[in-house]
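Architecture at a glance
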Amino acid sequence: MSEIFKNTIIPKLETKLLEARSAKALLQILELQGCQNTEVFKAVKNSIAHDDNEAVFTEELAHQIFYHPTVYADEKEGVAFVISWLPLLENGFYPDKKSSKKLTEFLYFSLSHLQSDAILEEERTQVFSVLKLLAHSESAASFVITSFLIQRVFDIRDYVGTDFIIQNCITHEILSDTYSIQSSDGKLSTYAFKINNDFIEHFFEGDWHQLITAIHKTLPVGRVYLPGAYHVMLPWFSEELAAFYNDNLDLVFDAHKALIERFLFMEEEGLAFLNQQTKEGVFPLINALGKKEWDAGDVLLFNHRDKKIPQIQIDQCYYRFLDWLNADGGSNFYTEAFQEFGKHILREESSAVLPVEFIAFWFKKCTPASGIPNQIELYNSLFFRFLKTNSDGKLPMVRLGAEDVQLTGEPLIKEVFQITENLTDWITDLASSNISNPLNQFLILVFYDARESLATLFNSENQEVLFAYLERMAYSAKQATEEIRKDSLPLLVQSLTALFADTNNFTRVNKIWALKNIDASILNLCNDYAQLQYVNESRPLFLGLLQSWYNFLSDYYYSLGSESVWVPHMLNTQGRRSAAYLNELDENVTSFVNKALLHLFEFHKKSKLKADSNKLFKSIQADIENYLEDFLKELMEHNIAKETAENMNIYSKAHFAHRKSLQEAVHKFHKEVEPKSEKVILIEQLQTSEFDFSEVAFNPKYADAVLHNLENYKTEGACDNKLLEVLDNNISEFKTWLTKTAATEAKFIQALYMTLLDKDIAPETPLETYGNLCRSLFVKLAKGSKMSSSYEMGLKAMANSGAYPENLTTALLQVVNDLKA
């Protein structure tokens with residue numbers, strides 16, 4: 001039995017005028033209070049004539065039970081009185097509106113007592129159990145108690161008392177389910193604790209701004225790491241609240257300020273409030289971040305956004321973030337906001353959510369010459385994911401406007417980097433680093449993607465700059481990791497081969513081809529490019545090109561097939577074509593053909609001798625025979641000198657017996673020996689004349705005599721230094737004359753080239769002087785020509801083959817150096 005109820009409430013009850021149904025309700029209340037042995041209980045029970053009457057708890061009876069203001073004068077008794085309500089409330093007997101208001105008055109003025117040691121924890125729990133039952137009841141008391149508690153939650157003036165109410169509301173889960181409102185006609189309606197028009201009408205006088213102001217004032221208030229008013233409000237957040245914010249941008253900005261204070265000073269998140277959304281899926285507080293100039297707090301908020309927000313709603317946020325990164329000369333890099341939140345924003349996102357402008361920002365901040373070391377290191381690590389998708393040579397996805405876009409190289413070059421006209425200035429800084437720099441790796445990816453358009457994007461001057469840059473990057477890969485070489489080098493080479501697909505500059509071709517030695521990943525690409533350039537049936541032939549074919553046969557032979565790997569393809573496909581080209585020339589090509597055949601026979605013989613020791617040599621032998629057969633079948637008879645035909649016939653009998661079709665092709669050129677022509681006689685006379693050649697100026701009439709001597713000195717035993725000195729002393733006039741007869745120039749260079757390989761006229765031999773003159777003339781004629789780099793490569797390969805004595809090897813390397821000088 002409740003002592004306070006027995007001693008204070010029962011004596012004040014007026015039972016005589018109660019109707020039977022109210023009397024029965026009172027009887028139940030007395031039973032719940034354990035007052036069956038009291039006189040009042042007996043009297044009430046005796047007054048009920050019929051037991052089957054329905055109990056009715058009237059407002060008048062409620063007033064008698066719950067409205068006792070004098071009891072509250074003593075806080076201890078007041079608490080006991082409130083606790084005595086528990087069994088009644090649990091059985092549906094609720095106080096009237098007036099009694100409920102008196103309760104809230106008592107609670108307001110007794111908050112200090114309720115928090116003190118004057119009452120037991122069990123008693124405090126019972127008090128809030130009473131409040132919970134009242135707040136969630138379907139009675140007039142619900143609104144009164146709920147209003148009181150909501151007012152206390154938002155009352156930041158009495159911090160201690162408010163926090164006490166908040167903690168117990170959270171503990172006892174009050175203000176999180178439903179509440180009831182009694183209309184003027186006494187009808188009760190139940191509502192959920194959700195912020196909407198009804199909620200505003202009931203508790204904030206129909207004024208949304210009143211609630212919003214209260215929320216903003218309350219958000220930053222509370223105790224660190226403990227729940228507060230925010231957690232009471234959590235169940236209230238609704239789509240209607242989000243919609244109101246969406247329609248009131250200024251209030252959103254105010255909410256941002258409150259949330260920032262909460263994050264910074266409370267060290268407590270407000271994610272649900274920050275990421276609230278409307279019925280249509282709009283996130284107003286996040287969306288509005290894209291409509292303002294950012295400070296550090298906005299970076300914090302954006303970092304805590306819901307990661308499921310549609311991308312289109314945060315596109316503008318990334319632009320504002322970029323503006324913040326660039327502001328004040330990029331000094332925000334050093335702020336706590338960037339270190340704690342900005343880095344996280346960049347690190348957690350894929351490139352697909354970032355605007356394309358972030359690429360320009362990356363290059364601006366990380367260019368080696370102008371970037372700041374600690375920024376370069378960090379930004380490179382953050383933006384390195386731009387390279388993660390390049391396994392198939394594709395650029396990353398980014399945001400452009402309001403769409404996901406697959407980046408392509410051409411727009412990057414033209415619009416983002418804007419380097420079509422000023423490549424030199426822009427790329428100089430990047431060229432100072434190496435391929436391990438992520439910027440260079442990304443740029444290689446850009447050029448690769450735009451490879452088919454590079455020739456139109458850049459003029460010839462900028463193409464030279466681009467070539468120099470890519471070549472430098474390629475050679476720097478020797479010091480890079482295997483992963484970088486594997487990922488970047490093939491893209492780099494394909495960019496170069498696309499850019500110079502139609503070049504006639506064989507020095508360039510050879511430089512690109514030479515990249516093959518950097519890494520195995522580009523070996524085939526480089527070799528394929530060289531084959532396409534040297535053996536391209538869509539381009540016209542010229543004598544220098546044919547000459548290079550035969551020279552590269554030497555490379556292929558001495559490297560055991562590892563160099564000039566396209567030579568077998570040439571030998572098996574170009575015989576008829578090269579003969580047809582020679583047939584069409586108006587000039588005499590017999591000397592050229594003679595030298596070419598001698599060269600081919602030389603390597604055919606070498607290969608045949610070694611065919612049993614290595615399958616490669618057997619293959620080279622067969623390839624040369626295929627070329628010779630196609631070549632000789634197509635070549636017209638007047639293009640082979642009779643002496644050449646006789647020597648070829650002799651060689652054929654000795655070495656082509658196993659191949660009758662080739663022997664037949666050779667035999668068609670064999671004729672009976674005829675008397676020497678007047679021209680040959682004239683050449684012989686010139687060679688044996690007593691002219692003082694040191695005093696002789698260059699005269700074209702001596703050209704045939706000199707060329708004849710170069711081509712036949714070994715067979716005729718006449719190494720005529722005087723004839724060569726005329727050309728060496730008059731080299732300028734001689735070169736000028738040769739420019740008018742390209743075919744003759746090629747014959748001279750080829751004849752001189754063959755003398756370079758003759759060990760009998762090498763240094764330290766009796767014929768050294770003749771050899772020195774030949775080497776000197778070769779350098780002067782070949783240097784700067786289209787095939788200069790091809791000669792360099794061929795001579796270097798032969799010098800390093802080990803097939804020549806030391807004195808000749810040294811001489812060959814000297815010629816290579818002289819060609820480069």
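Sequence order as written defines residue numbering, which begins from 1 separately in each chain. At least 70 in pLDDT is required for a residue's local features to be given in this predicted model, at least 80 for side-chain atom pairs to be given and counted, and no such filter applies to totals for whole chains, interfaces and linings, which use all residues. The side-chain numbers reported here are obtained from all heavy atoms of the structure, hydrogens and water having been left aside.

A closer look at the overall build of the chain
What counts here: In DSSP terms, a helix is any run of H or I states spanning at least four residues, a strand is any run of E spanning at least two, and both are numbered starting from the N terminus. As defined in this context, the radius of gyration uses C-alpha atoms, and a globule is described by 2.2 Å times the residue total to the power 0.38. Only protein chains enter the calculation, and the probe is 1.4 Å; a residue is then buried if its accessible area is under 20% of its type maximum, exposed if over 50%, and partly exposed in between. Between two residues, a contact is recorded if the distance between any of their heavy atoms is within 4.5 Å.
Helix and strand counts for the chain stand at 46 helices and 4 strands. Taking 28 Å as the expected radius of gyration for a compact globule of 821 residues, we find that the chain reaches 51 Å, considerably beyond that expectation. Relative to its 821 residues, the chain shows a buried fraction of 54%. Considering only residue pairs separated by 6 or more positions, the chain has 72% of its internal contacts joining residues 24 or more positions apart.

Observations regarding the side chain of H304
Summarising the element assignment, H304 is placed in the loop between helix 19 (296-303) and helix 20 (315-330). Residue H304 is classed as buried on the basis of its relative accessible area, which comes to 17%. Sequence-distant contacts of H304, defined by excluding residues within four places in its chain, comprise F263, E269, L271, L274, N275 and F341.

Examining helix 4 (residues 59-66)
Every α-helix winds through 3.6 residues per turn, so residues three or four apart in the chain are directed the same way. Along helix 4, the residues classified as buried are L61, A62, Q64, I65 and F66. Packed against the buried residues of helix 4 are helix 1 (3-9), helix 2 (20-32), helix 5 (75-83), helix 6 (86-90) and helix 7 (97-109).

Points about the packing of aromatic side chains
For clarity, the threshold we go by: Pairing of aromatic side chains requires ring centres within 6.5 Å, counting the rings of Phe and Tyr and the six-membered ring of Trp. Pairs whose planes differ by under 30 degrees are stacked, by over 60 edge-to-face, and all others tilted.
Scanning the model with the defined rule gives 71 aromatic pairs in all. Relative to Y379, the ring of F361 lies with its centre 5.1 Å away and its plane at 85°, an arrangement referred to as edge-to-face. In this pair, F361 sits in helix 22 (residues 357-366) while Y379 sits in helix 23 (residues 373-383), placing the two residues 18 residues apart along the sequence. On the accessibility criterion, Y379 (1% relative accessible area) is buried. Relative to F458, the ring of F447 lies with its centre 6.4 Å away and its plane at 70°, an arrangement referred to as edge-to-face. A residue pair is termed long-range when its members are at least 10 positions apart, and F447 in helix 26 (residues 438-449) and F458 in the loop between helix 27 (454-457) and helix 28 (460-476) qualify at 11 residues. Of the residues examined, F447 reaches a relative accessible area of 0% and is grouped as buried.

Concerning the confidence of the model for the chain
Reading fine detail from the predicted coordinates is not recommended where pLDDT is low. What counts is decided by this rule: The quantity called pLDDT is the predictor's confidence in a given residue, expressed from 0 to 100.
This prediction gives the chain a mean pLDDT of 90; 95% of its residues lie at or above 70. Segment residues 677-683 is flagged for pLDDT under 50; beyond a separation of four residues in sequence, or across chains, it makes 5 contacts in the model. Across residues 685-695, confidence stays below pLDDT 50; counting only partners more than four residues off in sequence or on other chains, it has 14 contacts.

Quick notes on the pattern of salt bridges
We apply this condition: Salt bridges are defined by distance alone: a side-chain nitrogen of Lys or Arg within 4 Å of a carboxyl oxygen of Asp or Glu.
This structure, assessed with the given rule, holds 17 salt bridges. The closest approach of N and O atoms between D155 and R157, which form a salt bridge, is 3.0 Å.

Details of unusual backbone geometry
Despite not being glycine, D328 shows a phi value in the positive range, around 55°. By secondary structure assignment, the location of D328 is in helix 20. Accessibility expressed as a relative area gives 65% for D328, which makes it exposed. One non-glycine residue with positive phi stands out, namely Q418, at about 55°. As for its placement among the helices and strands, Q418 is situated in the loop between helix 24 (409-416) and helix 25 (423-431).

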